[in-house]
Amino acid sequence: MTRHTFLALGQGLAASLVISSAAAQSVSINYDRLSSLEEPLAAALGKVTVTATGVLDAPLGIDLMSGSEQDVNAGFLGNIELAASTQLRNRWNVQVRYFAQYDSDPGASILGLGGGAAPDEYSDNVVGVISGAWGSVIGGNTANLVREQTRRLRGAGNGALAFDQTYGQLSDWGGAYVGQFGPARLSAGVDEDGNFDIGASWSRPLGNKDYRFTLRYTNADYVSGDGLAAFDTSSILALGEFTYGSGVYDVGVGYEDLSSAATDLERWYISSGARYKIGALTASLEGHYGRVGDEPEVSAALGVQYDIARGLSLNVGINHADAQLIQNSVTVIDRKATEALFSLRYSY
């Protein structure tokens, strides 16, 4: 090979490592349904770069199953994600990230539950990150980090599909790794109890279309709806996503085994959705069907977002969830609700 060929190969490798490092650093700890689509605000404080992004939301929720005036709830939700980062002499990037959210009425909505517990009135996550060409090592509140790397695209507006994840969840505190290798991204996490989460995704354009495929395996814990039984769970989830023009279409299939001293159960499910944007209007339609033991698990979500100005939008969602299972005197899950949710939202 000539000297110029070696130089070209070296430059290509360096560019690849820089891209891999930058991609690996794009780790968000906002696990909530509301995330900002705006570029973060940034400021330089000496050698440290500080960024901020967040959402302010004023929702009005209506319980469509009761018809009572008391089931019309107005509230406020706000969140912010802050990051401070700097580069070391060896070109490693060091970050501290903090996410905080306040919800004035967390019990007013079925949104975002997805098999887990209801959201808190105030919640936060914090992590430390060290990144290089080899990826990112993260420590802190990493419970849902692998899910964020492999999940389906969130619904538009206030549309949110319940049960669209594993019942089993990692504990809050743990460690994780995320690495980007060309079109493939690998992620893994482990919590303080020894439970673990492993994910892989592959994404790239082919012609005028874009494809994304993900695979995730989770070994975790789930506490029944009545709090009387703790399950050890093992689950696997596969997802395919197709983007063409202004439309995004996806389907995910999953299987979960739940084992406890009181009972053993099998859960399987399929979730699918479509999202389309026309000018300032974005709409999504999602559906979910599964079975837990011998009982069905059903949910659906319709979401609409209308962009008024940069960061400001009007949002609508109609969401339905129905899953009820009592096994050996244990209420494994009990959730039945239909709601409409309207909100004015500002993203920054």
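Right above here is the structure, for reference.
In this text the structure is predicted, and so the values were computed from the model without any measurement.

So, on to the overall build of the protein. Scanning the protein from N- to C-terminus turns up two helices and 18 strands. Expressed as a percentage of the 348 residues in the protein, the buried residues total 43%. Of the contacts formed within the protein by residues at least 6 apart in sequence, a portion of 56% connects residues at least 24 apart. Summed over all atoms, the accessible surface of the protein reaches about 17200 Å², with 61% contributed by carbon and sulfur.

We now examine the packing of aromatic side chains. One pass over the structure, following the stated rule, counts nine aromatic pairs. Between the aromatic rings of Y167 and Y222, the centroid separation amounts to 4.9 Å while the plane-to-plane angle is 35°, which identifies the pairing as tilted. Placement of the pair is Y167 in the loop between α2 (145-150) and β8 (173-181) and Y222 in strand β11 (residues 209-223), with a sequence separation of 55 residues. Judged on exposure class, the residue Y167 and its partner Y222 are both buried. On the basis of an interplanar angle of 20° and a centroid distance of 6.3 Å, the ring pair of Y346 and Y348 is categorised as stacked. Judged by relative accessible area, which is 38%, Y346 ranks as partly exposed. In textbook terms, an aromatic cluster arises when at least three aromatic residues are bridged by ring pairs, as seen for Y167, Y222 and F231.

Y222, F231, L265, V332 and I333 are the most contacted members of the largest nonpolar core, which has 15 residues in total. Residue assignment for this core shows that the elements contributing at least two residues are β17 (312-327) and β18 (330-347). Formed by 10 residues, the second largest nonpolar core is a distinct cluster that contains V127, V129, L145 and A176.

The next thing to look at is a nonpolar patch on the surface. The grouping of I198, L215, Y217, I236, V251, V253, Y255, W268, I270 and Y289 at the surface amounts to a nonpolar patch, some 850 Å² of accessible area in total. Elements supplying a minimum of two residues to the nonpolar patch: β11, β13 (247-259) and β14 (264-278). With three residues, the single largest contributor to the nonpolar patch is β13. Along the chain, Y255 turns up in strand β13. Take Y255: its relative accessible area is 34%, and that puts it in the partly exposed class.

Tracing the backbone through its elements, the reader meets Y346 in strand β18. As a C-alpha pair, Y346 and A309 span 37 residues in sequence and 9.3 Å in three-dimensional space. Apart from the residues lying within four places of it in its own chain, the contact partners of Y346 are G54, V55, L56, R310, G311 and L312.

The subject of this paragraph is the side chain of D32. Turning to its location among the elements, D32 is positioned in the loop between α1 (3-25) and β1 (41-45). We classify D32 as buried; its relative accessible area is 18%. Among all residues touching D32, those that are not within four sequence positions of it are F99, Q101 and R154.

A contiguous patch of negative charge, built from D172, E192, D193, D221 and D232, is present on the exposed surface. Relative to the elements of secondary structure, D172 occurs in the loop between α2 and β8.

On to unusual backbone geometry. Positive phi, normally seen in glycine, also occurs at R91, with a value near 75°. Mapped onto the elements of the fold, R91 is located in the loop between β4 (77-87) and β5 (93-103). Here R91 falls in the exposed class, since its relative accessible area comes to 67%. Phi is positive for S329, which is not a glycine, with a value near 65°. With respect to the helices and strands, the residue S329 is situated in the loop between β17 and β18.

Within the structure shown, the criterion is met by 12 salt bridges. The partner of R152 in a salt bridge is E286, with the nearest N and O atoms 3.0 Å apart. Of this pair, R152 sits in the loop between α2 and β8 while E286 sits in strand β15 (residues 281-292), and the two are 134 residues apart along the sequence. Considered together, R152 and E286 belong to a single accessibility category, that of buried residues.

A word on the pairing of β1. Among the five residues of β1, zero are classified as buried, and the element is accordingly described as predominantly exposed. Bridge analysis of β1 against strand β2 (residues 48-63) gives five bridges, and the strand direction is antiparallel. Directly across from A42, in β2, lies its bridge partner T51. The antiparallel pairing of β1 with β2 creates a hairpin that spans two residues between the two strands, and G46 there sits at a positive phi of about 65°.

Calculation criteria
Residues numbered from 1 in each chain as written. Predicted model: local features only at pLDDT ≥ 70, side-chain atom pairs only at ≥ 80, totals over all residues. Heavy atoms only, no water. Helix = DSSP H or I, 4+ residues; strand = E, 2+ residues; numbered from the N terminus. Buried < 20%, exposed > 50% of the residue type's maximum accessible area, 1.4 Å probe, protein only. Contact = heavy atoms within 4.5 Å. Areas by Shrake-Rupley, 256 points an atom, 1.4 Å probe, with all protein chains shown as cover. Phe/Tyr/Trp six-rings, centres within 6.5 Å; stacked < 30°, edge-to-face > 60°. Core = buried A, V, L, I, M, F, W, Y, C linked by side-chain atoms within 4.5 Å. Patch = residues over 30% accessible without salt bridge, like charges linked within 9 Å, V, L, I, M, F, W, Y side chains within 5 Å. Salt bridge = Lys/Arg side-chain N within 4 Å of Asp/Glu carboxyl O. Lys, Arg positive; Asp, Glu negative; His and termini not counted. Charge placed at Lys NZ, Arg CZ, Asp CG, Glu CD. Pairing = 2+ DSSP bridges.

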